[in-house]
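Residue-level listing of the chains:
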Amino acid sequence: MAGSAVRRTESRAGEVFPRPLAPPCAVTPVPPVVAASGATPDYSAPRLDENRPGTYWSNLERPTASAGRDLEGVAFHEAVAGHHLQLSRVQLLGYLSAFQHRRSYTVFAEGWRLYAEQLAEEIDRYMFWPGQAVGYLTGTLRMRVVALGDQARRWLGATWGLPGSHADEIDRGSLRVLVLACIGRWTAGH
């Protein structure tokens, strides 16, 4: 089921993201010894040498957070349009440093992923881990303000578009919350 959610979202990614689009995300069960421990779903970024694709790991033997009603939400968050789309896209951008290809700040990275998860489907699954939710929500609110805000539409006029807004958000790599705040103030002033 997680695989079908990822494939369905990948097939529509071009509607809300500009090129280059991330290559397909592998959807793989965790190894049995890891599954027996009750490991939660996770994502591994693609290797920079392209010898391993980005992979969404799902626990099929002893499902935890990936089971039930939030299975698709977790898949959207971990794979497309979340971790996989953002990290794979950043690796495709030749103008970023190696540091930016691999660095991930929680507010930016998890904020993007929560925003992307909600873009795919509105699912509320963070109530059980409040500290995580604060970082996720802070980032996603910032993403919504910039990407979907009326200020961005007014400022950019006819040149505004959702794919371009998404590229503008993730094409700098993961940024610290202070930098995000400065960009937000700069955008609000223009």
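Residues numbered from 1 in each chain as written. Predicted model: local features only at pLDDT ≥ 70, side-chain atom pairs only at ≥ 80, totals over all residues. Heavy atoms only, no water.

Quick look at unusual backbone geometry
Then step 1. The residue after R19, namely P20, is reached through a cis peptide bond having omega 5 degrees.
Then step 2. Here P20 is to be found in the loop between α1 (2–12) and β1 (26–29). (Helix = DSSP H or I, 4+ residues; strand = E, 2+ residues; numbered from the N terminus.)

Describing α1
Along an α-helix, residues three or four positions apart point the same way, because every turn accommodates 3.6 residues.
Then step 1. Burial in α1 covers these residues: A2, A5, V6 and T9. In a view along the axis of α1, the buried residues occupy a sector of 95 degrees, so they form one face of it.
Then step 2. Buried residues in α1 make contact with β1, β3 (55–58) and α3 (71–78). (Buried < 20%, exposed > 50% of the residue type's maximum accessible area, 1.4 Å probe, protein only. Arc of directions from axis to C-beta. Contact = heavy atoms within 4.5 Å.)

Things to note about the sheet that holds β1
Then step 1. Taken together, the 3 strands give an open sheet; going across it, the order is β1-β3-β2, and neighbouring strands pair in mixed fashion. Bordering the open sheet on either side are β1 and β2 (42–44), each of which pairs with just one other strand. Within this sheet the neighbouring strands show an average axis-to-axis angle of 30 degrees, counted without direction.
Then step 2. In terms of strand pairing, β1 meets β3 through 4 bridges, oriented parallel. Residue pairing for β3: P29 is matched across the bridge by S58. (Pairing = 2+ DSSP bridges. Axes fitted to C-alpha atoms, helices over the stretch in contact; angles between N-to-C directions.)

Focus: the pattern of salt bridges
Then step 1. Taken as a whole and assessed by the stated rule, the structure comprises 5 salt bridges.
Then step 2. A salt bridge links R89 to D171; its shortest N-O distance comes to 2.6 Å. Of this pair, R89 sits in helix α4 (residues 83–92) while D171 sits in the loop between α9 (162–170) and α10 (177–189), and the two are 82 residues apart along the sequence.
Then step 3. The class for R89 is buried, based on a relative accessible area of 4%.
Then step 4. Assessed through its relative accessible area of 13%, D171 is described here as buried.
Then step 5. Here R113 ties to E110 by a salt bridge, and the two come within 3.8 Å at their closest N and O atoms. With R113 and E110 both in helix α6 (residues 106–120) and 3 residues apart, the pair spans about one turn of that helix. (Salt bridge = Lys/Arg side-chain N within 4 Å of Asp/Glu carboxyl O.)

Some thoughts on the nonpolar core
Then step 1. Within the largest apolar cluster, 26 residues are counted, with the highest numbers of intra-cluster contacts made by Y56 and W112.
Then step 2. Of all elements in the fold, only α1, α3, α4, α6 and α9 reach the threshold of two or more residues within this core. (Core = buried A, V, L, I, M, F, W, Y, C linked by side-chain atoms within 4.5 Å.)

Some points on the confidence of the model for the protein chain
Then step 1. Chain-level pLDDT for the protein chain is 76 on average; 75% of the residues reach the 70-or-more range.
Then step 2. Segment residues 124–129 is flagged for pLDDT under 50; beyond a separation of four residues in sequence, or across chains, it makes 12 contacts in the model. (pLDDT = per-residue confidence, 0-100.)

Section: the packing of aromatic side chains
Then step 1. In the structure shown here, the tally under the stated rule is 2 aromatic pairs.
Then step 2. Aromatic side chains F17 and W112 sit 5.9 Å apart centroid to centroid with 65 degrees between the ring planes, which places their arrangement in the edge-to-face category. With a gap of 95 residues between them, F17 in the loop between α1 and β1 and W112 in helix α6 connect regions that are remote in the sequence. For the pair shown, F17 and W112 are each scored as buried.
Then step 3. Taking 5.5 Å as the distance between ring centres and 50 degrees as the angle between the ring planes, the aromatic pair formed by W112 and Y115 counts as tilted. (Phe/Tyr/Trp six-rings, centres within 6.5 Å; stacked < 30°, edge-to-face > 60°.)

Re α4
Then step 1. Among the 10 residues that make up α4, 9 are buried, leaving the element largely enclosed by the rest of the structure.
Then step 2. Taken as a whole, α4 has its buried residues at H83, H84, L85, Q86, L87, S88, R89, V90 and Q91.

Comments concerning the packing of α1 against α3
Then step 1. Running from N to C, α1 and α3 point in directions that differ by 50 degrees, and their axes come no closer than 9 Å. By the criterion of interaxial angle, the relationship of α1 to α3 is oblique. The two elements α1 and α3 meet at a crossing, and its hand is right-handed. Here A2, A5, V6, R8 and T9 of α1 lie close against α3, whose contacting residues are L71, E72, A75 and F76.
Then step 2. Tallied by class, residues from the contact of α1 with α3 come to 6 nonpolar, 1 polar and 2 charged. (Parallel < 35°, antiparallel > 145°, perpendicular 65-115°, else oblique. Left-handed = near helix turned anticlockwise from the far one by under 90°. Nonpolar A, V, L, I, M, F, W, Y, C, P; charged D, E, K, R; others polar.)

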